[in-house]
Amino acid sequence: MIEIKSPNRFNKSPGKFTIFLAGSINQGKSVDWQATIVEVMKDEDVLFYNPRRDFWDSSWKESLDNPKFVEQVNWELDHLNMADLIIFYFEPGSVSPVSLLELGKYIESNVIVLCQEGYFKRGNVQIMCERYKVPMAKTMNGLIRMIKNQIKEYHAL
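Keep in mind that this is a model prediction, so the values were computed, not measured. (Residues numbered from 1 in each chain as written. Predicted model: local features only at pLDDT ≥ 70, side-chain atom pairs only at ≥ 80, totals over all residues. Heavy atoms only, no water.)

Asker: Just to check I follow, could you spell out the state of the cysteines for this structure?
Answerer: Structurally, a disulfide amounts to a covalent bond that connects the sulfur atoms of two cysteines. On inspection of all chains with the given rule, the structure shows zero disulfides. Among the cysteines around Cys-115, which has no disulfide bond, Cys-129 carries the closest sulfur, lying 7.7 Å off. (Disulfide = S-S within 2.5 Å.)

Spelled out as structure tokens, the structure:
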């Protein structure tokens, strides 16, 4: 397993299954669910693109005038485009508007979603997933099983 965190860049390697960990971060206030996924998958042959920076400054202005913000958004867009699989986690009690935006853009890609009771737009996410036949996990353990199945399928090809 390899994990690439923003702002570090890594191009897709031939034969390496890549997963982008999209979803709730909320300026670092959300649980670090990405770390859980990476830890559980430490023995898998996979490359994770993790947008959660080790050193995020929540005072950074979200503006084209802020080079750190522009770097973050472009990093995410570049690595979303390179990923073989995109995981979306919508944390209960969070808002995660950027994750909703990204789900809308990438809904027709290879996507798995975890959106549990308590997420304020859960109904919208469920309808989108149903319409576009995107698998939805019910729990974090279910999400992990789905990811492992995707990894196995990729390496069986």
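Asker: When you look at the nonpolar core in this model, what are you seeing that I'm missing?
Answerer: Within soluble globular proteins, side chains that are nonpolar generally end up buried alongside one another. Phe-20, Ile-86, Phe-88, Phe-90, Leu-103, Val-113 and Val-125 are the most contacted members of the largest nonpolar core, which has 21 residues in total. Contributions of two or more residues to this core are made by β2 (17-23), β3 (46-50), α2 (67-82), β4 (85-90), α3 (97-106), β5 (111-115) and α4 (122-131). Not counting chain neighbours up to four residues away, the residues in contact with Phe-20 comprise Tyr-49, Pro-51, Trp-75, Glu-76, His-79, Leu-80, Ala-83, Leu-85, Ile-86 and Ile-87. Counting residues in each nonpolar core, the second largest holds 19 residues, with Val-38, Ile-87, Ile-112 and Ile-147 among its members. (Core = buried A, V, L, I, M, F, W, Y, C linked by side-chain atoms within 4.5 Å. Buried < 20%, exposed > 50% of the residue type's maximum accessible area, 1.4 Å probe, protein only. Helix = DSSP H or I, 4+ residues; strand = E, 2+ residues; numbered from the N terminus. Contact = heavy atoms within 4.5 Å.)

Asker: I tried to follow α3 on my own but got confused; where do I start?
Answerer: The periodicity of an α-helix, 3.6 residues per turn, causes residues three or four positions apart to be oriented the same way. Residues of α3 that are buried: Ser-99, Glu-102, Leu-103 and Tyr-106. Down the axis, α3 shows its buried residues gathered within 105 degrees of arc, on one side only. Opposite the packed face of α3, turned more than 90 degrees from it, sit the exposed residues Pro-97, Leu-101 and Lys-105. Summarising the contacts, the buried residues of α3 are in contact with β2, α2, β4, β5 and α4. (Arc of directions from axis to C-beta.)

Asker: What is the right way to look at the sheet that holds strand β6 (residues 136-137) in this model?
Answerer: Remark on secondary structure: sheet strands pair via backbone hydrogen bonds, oriented parallel or antiparallel. With respect to topology, six strands assemble into an open sheet ordered β1-β3-β2-β4-β5-β6, the strand pairing being parallel. This sheet does not close on itself; its edge strands, each paired only once, are β1 (2-5) and β6. Each of β1, β2, β3 and β4 touches helix α1 (residues 33-40); the most contacted strand, β2, lies at about 155 degrees to it. Where α3 meets the sheet, its contacts fall on β2, β4 and β5, and the angle it forms with β4 comes to roughly 145 degrees. (Pairing = 2+ DSSP bridges. Axes fitted to C-alpha atoms, helices over the stretch in contact; angles between N-to-C directions.)

Asker: Could you clarify how one ought to interpret unusual backbone geometry in this entry?
Answerer: Comment: phi is negative for the bulk of residues other than glycine, and the bulk of peptide bonds are trans. Cis peptide bonds are those with omega within 30 degrees of zero, and the linkage from Ser-6 to Pro-7 qualifies with 10 degrees. Along the polypeptide, Pro-7 turns up in the loop between β1 and β2. Even without being a glycine, Ser-96 presents a positive backbone phi close to 50 degrees. Take Ser-96: its relative accessible area is 5%, and that puts it in the buried class. Unusually for a residue other than glycine, Lys-133 sits at a positive phi of about 55 degrees.

Asker: In this structure, what is going on with helix α5 (residues 140-156)? I would like to understand it.
Answerer: Compared with an ideal rise of 1.5 Å per residue, which puts 17 residues at 24 Å, α5 spans 24 Å between its outermost C-alpha atoms and is within 8% of the ideal. Residues of α5 that are buried include every one of Gly-142, Leu-143, Ile-144, Ile-147, Gln-150 and Ile-151, and no others. (Expected span 1.5 Å × (residues − 1).)

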